[in-house]
Amino acid sequence: MKLAKLPDRTPIKMNVVLAPSLSKRLREYADFYAETYGNREEVAELIPFMLEAFLDGDADFRRGSKKRHGESMGVAS
């Protein structure tokens, strides 16, 4: 089968404590997002996508992850 087994998609709720300055910047980012796309999203809705984009864009992390797992991060064939 070409499609690999789907991963667990059960959401995991996490609570984090933010510095006031970071909280302010996240609210500003949400405002910028709304100005850019004309659609307001709550900060809590944006954060998972921001974290995923950050991790996907970190080349050192991707290389280290490949070494740790001994696999490529590409699509299964």
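Report follows, based on the coordinates. (Residues numbered from 1 in each chain as written. Predicted model: local features only at pLDDT ≥ 70, side-chain atom pairs only at ≥ 80, totals over all residues. Heavy atoms only, no water.)

### Digging into a nonpolar patch on the surface
Right, so step 1: Together, Met1, Leu3 and Leu6 make up a nonpolar patch on the protein surface, roughly 420 Å² of accessible area in all.
Right, so step 2: Position of Met1 relative to the elements: it lies in the segment before helix H1 (20–37).
Right, so step 3: Note on Met1: relative accessible area 92%, which makes it exposed. (Patch = residues over 30% accessible without salt bridge, like charges linked within 9 Å, V, L, I, M, F, W, Y side chains within 5 Å. Areas by Shrake-Rupley, 256 points an atom, 1.4 Å probe, with all protein chains shown as cover. Salt bridge = Lys/Arg side-chain N within 4 Å of Asp/Glu carboxyl O. Helix = DSSP H or I, 4+ residues; strand = E, 2+ residues; numbered from the N terminus. Buried < 20%, exposed > 50% of the residue type's maximum accessible area, 1.4 Å probe, protein only.)

### Details of H1
Each full turn of the α-helix corresponds to 3.6 residues, which orients residues three or four apart in the same direction.
Right, so step 1: For H1, with 18 residues, the first-to-last C-alpha span of 26 Å sits near the 26 Å given by 1.5 Å per residue.
Right, so step 2: Of the positions making up H1, those classed as buried are Leu26, Ala30 and Ala34. One side of H1 holds all its buried residues, which, seen down the axis, span an arc of 85 degrees. Seen from the buried face of H1, the exposed residues on the opposite side, beyond 90 degrees, are Ser21, Arg25, Phe32 and Glu35.
Right, so step 3: Positive backbone phi, approximately 70 degrees, marks Gly38, located one or two places after H1. (Expected span 1.5 Å × (residues − 1). Arc of directions from axis to C-beta.)

### Here's the deal with the pattern of salt bridges
Right, so step 1: Summed over all chains, the structure comprises 3 salt bridges.
Right, so step 2: We note a salt bridge from Glu28 to Lys24, for which the minimum N-O separation is 2.6 Å. Linking Glu28 with Lys24, this pair stays in helix H1, spanning 4 residues, or about one helical turn.
Right, so step 3: Linking Asp31 and Arg40 is a salt bridge whose minimum nitrogen-to-oxygen distance equals 3.0 Å.
Right, so step 4: Exposure remark for Asp31: the relative accessible area of 34% places this residue in the partly exposed category.
Right, so step 5: Judged by relative accessible area, which is 53%, Arg40 ranks as exposed.

### Looking at the packing of H1 against helix H2 (residues 43–57)
Right, so step 1: One can describe the packing of H1 onto H2 by two numbers: an axis separation of 10 Å at closest approach and a directional angle of 90 degrees. When the interaxial angle is binned, H1 and H2 end up roughly perpendicular. In contact with Leu26, Arg27, Tyr29, Ala30 and Tyr33 of H1, H2 contributes Val43, Leu46, Ile47 and Met50. (Axes fitted to C-alpha atoms, helices over the stretch in contact; angles between N-to-C directions. Parallel < 35°, antiparallel > 145°, perpendicular 65-115°, else oblique. Contact = heavy atoms within 4.5 Å.)

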